[in-house]
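Listed here are the chains, written in short residue letters.
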Amino acid sequence: MESLLQFHDFILGITCALEARDPHTSHHSSRVAEMTETICQYMNLPKEEKELYHISAHLHDIGKIGIPDSVLMKEGKLSQEEWNIMTSHSEKGGKILMNIPSFWEAAKIVRAHHERYDGKGYPDGLSGDQIPLGARIIAIADSIDAMLSDRPYRKGMSSEKCLAEIKKNRGIMYDPDITDQVVANWDELLRKRINVLIN
């Protein structure tokens, strides 16, 4: 864990470099990391777990380094082939981090952040508690930021519609207990996200 914390600034540099490739997702990883840490606080998780999940959230999209610009920055709807390439980023990210012993735990979380609670996610079709807790937390933070953010091909959702989507997918895409914490603290969680946008 100490090794992870020592690399925190380096991690921020990596994520900034990744996001520089795609200005439409600027600061996405920082917002997801902030919301992940906040959700961990709601869940009263130990400090070391909270730090691991926070850092993993910063790194959750690192696998997009291996996605071609033609797919990563496409402004229209992806073809099925392009979608398959895009969805490989979680597996690629896990493989990148597995090469660094200090990041093995983060690697498992990054690999699993697109798994779904009902087992219909990717890359491994994990379900429920098979999915690392950090990945379950990042999954809901990642979804919130994606839904609320503008993209070249669509406007971001309103907070009300986003909240409705989160509630609708409780126990389907998202861990029910984590969802309950998010719903109960919705306004504060969004303020944390907005603070990243401002700063």
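Residues numbered from 1 in each chain as written. Predicted model: local features only at pLDDT ≥ 70, side-chain atom pairs only at ≥ 80, totals over all residues. Heavy atoms only, no water.

With that out of the way, let us pick up the overall build of the chain. Along the backbone of the chain there are twelve helices and zero strands. The order of α-helices and β-strands along the chain, N terminus first, is α-α-α-α-α-α-α-α-α-α-α-α. The proportion of buried residues among the 199 residues of the chain is 44%. When contacts within the chain are restricted to residue pairs at least 6 apart in sequence, those whose partners lie at least 24 apart make up 62%. Of the roughly 10,000 Å² that the chain leaves accessible, carbon and sulfur atoms contribute 52%. (Helix = DSSP H or I, 4+ residues; strand = E, 2+ residues; numbered from the N terminus. Buried < 20%, exposed > 50% of the residue type's maximum accessible area, 1.4 Å probe, protein only. Contact = heavy atoms within 4.5 Å. Areas by Shrake-Rupley, 256 points an atom, 1.4 Å probe, with all protein chains shown as cover.)

Okay, the environment of His 89 next. Relative to the assigned elements, His 89 resides in helix α7 (residues 89–98). Since its relative accessible area comes to 4%, His 89 is described here as buried. Taking the C-alpha atoms as reference points, His 89 and His 114, 25 residues apart in sequence, are found 9.7 Å from one another. Setting aside anything within four residues of it in sequence, one finds His 89 in contact with His 60, Asp 61, Gly 63, Lys 64, Ile 67, His 113, His 114 and Tyr 122.

A few words on the side chain of Thr 87. Structurally, Thr 87 is set in helix α6 (residues 80–87). Within polar-contact distance, the side chain of Thr 87 engages the backbone oxygen of Asn 84 at 3.1 Å. (Polar contact = N/O pair within 3.5 Å; in protein donor to acceptor, adjacent residues only side chain to side chain.)

Let us look at α7. Taken together, the buried positions of α7 are occupied by His 89, Ser 90, Gly 93, Gly 94 and Leu 97. Down the axis of α7, the buried set is contained in an arc of 140°. They therefore lie on one face. Against the buried residues of α7 lie α6 and α8 (104–111). (Arc of directions from axis to C-beta.)

All right, on to unusual backbone geometry then. Trans peptide bonds make up most of the peptide bonds, and negative phi angles are found at most residues other than glycine. That bond from Tyr 122 to Pro 123 is cis: its omega, 10°, falls within 30 degrees of zero. With respect to the element layout, Pro 123 can be found in the loop between α8 and α9 (133–148). Even without glycine at this site, Asn 44 takes up a positive phi of about 55°. When you line up the elements, Asn 44 lands in the loop between α3 (28–42) and α4 (47–58).

What follows covers the nonpolar core. For soluble globular proteins, nonpolar side chains are generally found buried alongside one another. Judged by nonpolar contacts, the single largest core of 39 residues is most densely connected at Ile 144 and Val 182. Considering each element in turn, this core owes the most residues, eight residues, to α9. Leaving out residues up to four positions away in the same chain, Val 182 has contacts with Ile 39, Ile 140, Ile 144, Ile 166 and Leu 189. (Core = buried A, V, L, I, M, F, W, Y, C linked by side-chain atoms within 4.5 Å.)

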